[in-house]
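# Reading the structure
Now for the letters of each chain:
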Amino acid sequence: MSRQLNHFQSVLRIRIYDLRTVILMFVIRLKNKKATNQAETQNPSSASDSSPKTSSETVRIAVVQGNIDQGIKWDKAYRQQVFDTYTRLSKEALSEEPEIIVWPETAVPFAFKYDPANRQKLVDFVRELNTYLLFGGVDIIPLPPPQRYHSLNSAFLVSPKGDLLAKYDKIHLVPFG
């Protein structure tokens, strides 16, 4: 029993570590982008310098938790309700003036890159927020027959302009996650 408990604790640590790594990776990218933009604005002649810039600024992060029941999350009948929950909570978080809003793992109940209508709805919402959005969702890799596809648990970073800036695919899936 003790061996199982230790394994479970290490799995939990891996899961937390993965989440921290993803958020840290995106925050560093955001800070470097802000520092580069700031340097280019102050000194346009340095725009060709591709060396990484650093910034001592802090990044304000809003973390949104919708507490969506797993039994309804993937039910198409509840897709709009799930989306509305996260949009409402994100709008409420804007009062804190975050530079990035973080939604949970698999918060988006559709394949972001393969569902144009829902993707556009989400991109339009991010533009309305005018802040970065890091969210979890499913990505799909098409496979040759007889297999159809491989699904991935991914994190997507969308800019205030609605551009997909980065995607991270979870490497180690955990039970009960």
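Residues numbered from 1 in each chain as written. Predicted model: local features only at pLDDT ≥ 70, side-chain atom pairs only at ≥ 80, totals over all residues. Heavy atoms only, no water.

Across the sheet, five strands lie side by side as S1-S2-S3-S4-S5; this open sheet has mixed pairing. Because the sheet does not close on itself, it has two edges, and the strands there are strand S1 (61-63) and strand S5 (164-169). Recorded for the sheet is a direction-independent mean angle of 35° between the axes of neighbouring strands. Relative to strand S4 (residues 149-158), strand S3 (residues 132-142) runs antiparallel, the two sharing 10 bridges. Across the sheet, the residue bridging to Leu 134 is Leu 157, located in S4. (Pairing = 2+ DSSP bridges. Helix = DSSP H or I, 4+ residues; strand = E, 2+ residues; numbered from the N terminus. Axes fitted to C-alpha atoms, helices over the stretch in contact; angles between N-to-C directions.)

Turning our eyes to something else, we now look at the packing of aromatic side chains. Considering all chains together, one arrives at seven aromatic pairs under this definition. Centre to centre, the rings of Trp 103 and Phe 125 are 6.4 Å apart; their planes meet at 35°, and the pair counts as tilted. Remark: Phe 125 occurs in helix H4 (residues 116-129) and Trp 103 occurs in the loop between strand S2 (100-102) and H4; sequence separation between them is 22 residues. Ring pairing ties together the aromatic residues Phe 83, Tyr 86, Trp 103, Phe 112, Phe 125, Phe 135 and Phe 156, which thus form one cluster. The ring centre of Phe 83 lies 5.2 Å from the NZ or CZ of Lys 121, which sits over that ring. (Phe/Tyr/Trp six-rings, centres within 6.5 Å; stacked < 30°, edge-to-face > 60°. Lys NZ or Arg CZ within 6 Å of the ring centre and 35° of its normal.)

It is worth spelling out H4 at this point. The end-to-end C-alpha distance of H4, which contains 14 residues, comes to 20 Å, matching closely the 20 Å that a straight helix rising 1.5 Å per residue would cover. Buried residues belonging to H4 abut helix H3 (79-93), S2, S3 and S4. Two residues or fewer past H4, Asn 130 is found with a positive phi of approximately 60°. (Expected span 1.5 Å × (residues − 1). Contact = heavy atoms within 4.5 Å.)

This part takes up the environment of Leu 134. Here Leu 134 lies in strand S3. Taking the C-alpha atoms as reference, Leu 134 lies 4.5 Å from Leu 157; in sequence the two are 23 residues apart.

Summarising burial for S4: seven of the 10 residues are buried, a large majority. As paired strands, S4 and S5 are joined by five bridges and run antiparallel to one another. Across the sheet, residue Val 158 finds its bridge partner in S5, namely Leu 164. (Buried < 20%, exposed > 50% of the residue type's maximum accessible area, 1.4 Å probe, protein only.)

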